[in-house]
Amino acid sequence: MQTNNEDEKFMEIAIALAREARQAKEVPVGAVLVKDGAVVGRGFNSPISRVDPTAHAEILALREAAQRAGNYRLEGTTLYVTLEPCVMCAGALVQARVARLVFGSRDLRFGGARSKFRLADNELLNHRVEVVEGVLAADCLSILRDFFEERRGAAASRSDLADADIAEHDDA
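Predicted, not measured: the structure shown is a model, and the values here were computed from it.

Peer 1: Mind laying out the pattern of salt bridges, listing which residues take part and the relevant values?
Peer 2: Per the counting criterion, the structure on display carries eight salt bridges. Between Asp-121 and Arg-118 there is a salt bridge, with its nearest N and O atoms 3.9 Å apart. Here Asp-121 falls in the partly exposed class, since its relative accessible area comes to 22%. We classify Arg-118 as partly exposed; its relative accessible area is 45%.

Peer 1: Lay out unusual backbone geometry in plain terms, naming residues and giving numbers.
Peer 2: As a rule of thumb, non-glycine residues mostly have phi less than zero, and peptide bonds are mostly trans rather than cis. Of note in the backbone geometry, Asp-36 takes a positive phi value of approximately 50° without being a glycine. Checked against the element boundaries, Asp-36 lands in the loop between β1 (30-35) and β2 (38-44). Its relative accessible area of 72% is what places Asp-36 among the exposed residues. Non-glycine residue Val-51 carries a positive phi angle of around 50°. Within the secondary structure layout, Val-51 lies in the loop between α2 (47-50) and α3 (57-69).

What counts and how
- The numbers attached to residues start from 1 for each chain and follow its sequence in the written order.
- Restriction of local features to residues with pLDDT of at least 70 applies here, the model being predicted, together with a cutoff of 80 or more for giving and counting side-chain atom pairs; totals for whole chains, interfaces and linings are based on all residues.
- No hydrogens and no water enter the side-chain calculation; it runs on all heavy atoms of the structure.
- The salt bridge criterion pairs a side-chain nitrogen of Lys or Arg with a carboxyl oxygen of Asp or Glu, the two atoms within 4 Å.
- When accessible area is computed with a 1.4 Å probe and restricted to protein chains, residues below 20% of their type maximum are described as buried, those above 50% as exposed, and intermediate ones as partly exposed.
- Helical segments are the DSSP runs of H or I of at least four residues, strand segments are the runs of E of at least two, and each set is numbered from the N terminus.

Here you go:
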């Protein structure tokens, strides 16, 4: 699990996108896809506003990059996302041939890369994505906690988050 200053730089962009999702009253997750040091795709969660269950941050970033590249294969890219991808998104990373996944916080309920399933780098699949977790985890987790506290009320949210769906990991 190799992280670097570039990982933090691009995760900051993903965090800014998560804040945009929060302003739009969507679950605050942001993602950027990077190739050769340049952002080629970006997205933030918007299934509510788009009325689209697949409008996750990762999927939107992949779609934008594929359109730009004119190819669904996005080899040599790195996806930075504030929350561990779900099964759908982890599968899409494999299908797109993304080289590397960098995420902030684990999703203990729906995580498809580490927490519940290990799809991104599963040896049974034809492509494996290198997975790095915990980059700016505290910042990524804070955005999610603030969002859910605001939605549920601070008192209820504290107890919900104690055994909740998201987690900070310092093992990166």
